[in-house]
Amino acid sequence: MTFREKLATPDAFVVAAEVVTSRGVISAERGRSVLRLARELAEDPRIDVLSITDNPGGHAMLAPDTLGTDLVSRGQEVIIHLACKDWNRNALESRGWKLASEGFRNVLCMSGDYPVTGHDGLAMPVFDIDSVGLLQLFSDMNAGLSDERRPGTRLEPTDFFLGCVVTNHKRYEREVVPQYLKLEKKARAGARFCINQIGFHVRKDDELLRYIRLTQLPLKALANVYCLSLAAARAFHAGKIPGVIVTDELLTLAER
């Protein structure tokens, strides 16, 4: 079964594992290490789909489809992350054609993190469109884009299964309500699954599911489960990762 089919199966519990790509070529030691890990995860019958990141944290990393190509060739279901921070709308459309041509169907559409590094200086963010615009672009590609060079004709439709992210682990109503309202926009633009940002408050996960049911969004939710190490807890507590909060109490627990 495909990832799309599994999510549509009543009472199914789908498990995804996120893989962070490395810096450098895939044949280097770091790249080979990530590839070995991805292959081991792909062989684990408990895991339904592998979710591959796109320059997380604003750092330049190996493109997710480079790693994904090896996995797709082995019959593994893959979610490709695609962020708007590094590409304008023409480049994103081009990326869409490339992904569709190489057999990638599941795409997680994100605005992305602002760059924090860059070769010989800080890289300039693009953000020509945001995650909602990207979802709409790929939805339009699924319907068959109009061919601008040949008026009256349409290009071959793609078959993307589109997802989005939501940062619902917010403390105040004024912070979390805009997240839910934007989630509604993402659903209208074509998102059919969502993955929430890392958080360590299970009531907020319950709240997300209740909001999806209340507003009858055509979305399936995948909870973001992160095994908290001491080093990660300290980094999150210090605010080094946007949108991820570790409270004083949770840090104390992790240290103990």
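Refer to the structure above for everything that follows.
Residues numbered from 1 in each chain as written. Predicted model: local features only at pLDDT ≥ 70, side-chain atom pairs only at ≥ 80, totals over all residues. Heavy atoms only, no water.

1. Concerning the packing of helix 5 (residues 131-143) against helix 6 (residues 173-188)
Contact geometry for helix 5 and helix 6: axes closest at 8 Å, N-to-C directions at 15°. By the criterion of interaxial angle, the relationship of helix 5 to helix 6 is roughly parallel. Our pair here, helix 5 against helix 6, has a crossing hand that is right-handed. On helix 6, the residues that touch S131, V132 and L135 of helix 5 are K182, K185 and K186. Residues that form the contact of helix 5 with helix 6 fall into these classes: two nonpolar, one polar and three charged. (Axes fitted to C-alpha atoms, helices over the stretch in contact; angles between N-to-C directions. Helix = DSSP H or I, 4+ residues; strand = E, 2+ residues; numbered from the N terminus. Parallel < 35°, antiparallel > 145°, perpendicular 65-115°, else oblique. Left-handed = near helix turned anticlockwise from the far one by under 90°. Contact = heavy atoms within 4.5 Å. Nonpolar A, V, L, I, M, F, W, Y, C, P; charged D, E, K, R; others polar.)

2. Considering the pairing of strand 1 (residues 16-19)
Where burial is concerned, the two faces of strand 1 differ: the one with A17 and V19 is buried and the one with A16 and E18 is not. Relative to strand 2 (residues 49-52), strand 1 is paired through four bridges, and the arrangement is parallel. Bridge pairing in strand 2 places A16 opposite V49. For the crossover that starts at strand 1, traverses helix 2 (residues 29-42) and ends in the parallel strand 2, the hand is right-handed. (Buried < 20%, exposed > 50% of the residue type's maximum accessible area, 1.4 Å probe, protein only. Pairing = 2+ DSSP bridges. Right-handed = clockwise from strand over helix to strand, strands pointing away.)

3. Re the pairing of strand 3 (residues 78-83)
Among the six residues that make up strand 3, six are buried, leaving the element largely enclosed by the rest of the structure. On strand 3, burial covers both faces: V78, I80 and L82 on one face and I79, H81 and A83 on the other are all buried. Judged from the three bridges that link them, strand 2 and strand 3 form a sheet pairing that is parallel. Looking at strand 3, one finds that L50 is bridged to V78. For the segment spanning strand 2, helix 3 (residues 64-73) and strand 3, crossover handedness is right-handed. Two elements, strand 3 and strand 4 (residues 106-110), share five bridges in a ladder whose sense is parallel.

4. A look at helix 5
An α-helical turn contains 3.6 residues, so a residue and the one three or four places further along point in the same direction. Between its first and last C-alpha, helix 5 extends 18 Å over 13 residues, near the 18 Å set by a 1.5 Å rise per residue. For helix 5, every residue scored as buried is listed here: S131, V132, L134, L135, L137, F138, S139 and M141. Contacts made by the buried residues of helix 5 are with strand 3, helix 4 (89-101), strand 4, strand 5 (161-166) and helix 6. One side-chain oxygen at the N-terminal end of helix 5 lies 3.2 Å from the backbone nitrogen of V132; it belongs to D130. Backbone geometry just downstream of helix 5 places G144 in the positive-phi region, at approximately 95°. (Expected span 1.5 Å × (residues − 1). Polar contact = N/O pair within 3.5 Å; in protein donor to acceptor, adjacent residues only side chain to side chain.)

5. A short note on the layout of surface pockets
Empty space among the atoms can be located by rolling a probe the size of a water molecule over them. In this structure, the second largest pocket encloses a volume near 360 Å³. Here the lining of the second largest pocket is composed, by residue class, of five nonpolar, four polar and five charged. (1 Å grid on protein atoms, 1.4 Å probe; cavity = no way out; pocket = protein on both sides within 12 Å on 5 of 7 lines; lining within 4 Å. Points joined across faces, edges and corners; volume = space filled by probe spheres on them.)

That is the geometry; function is a separate question.
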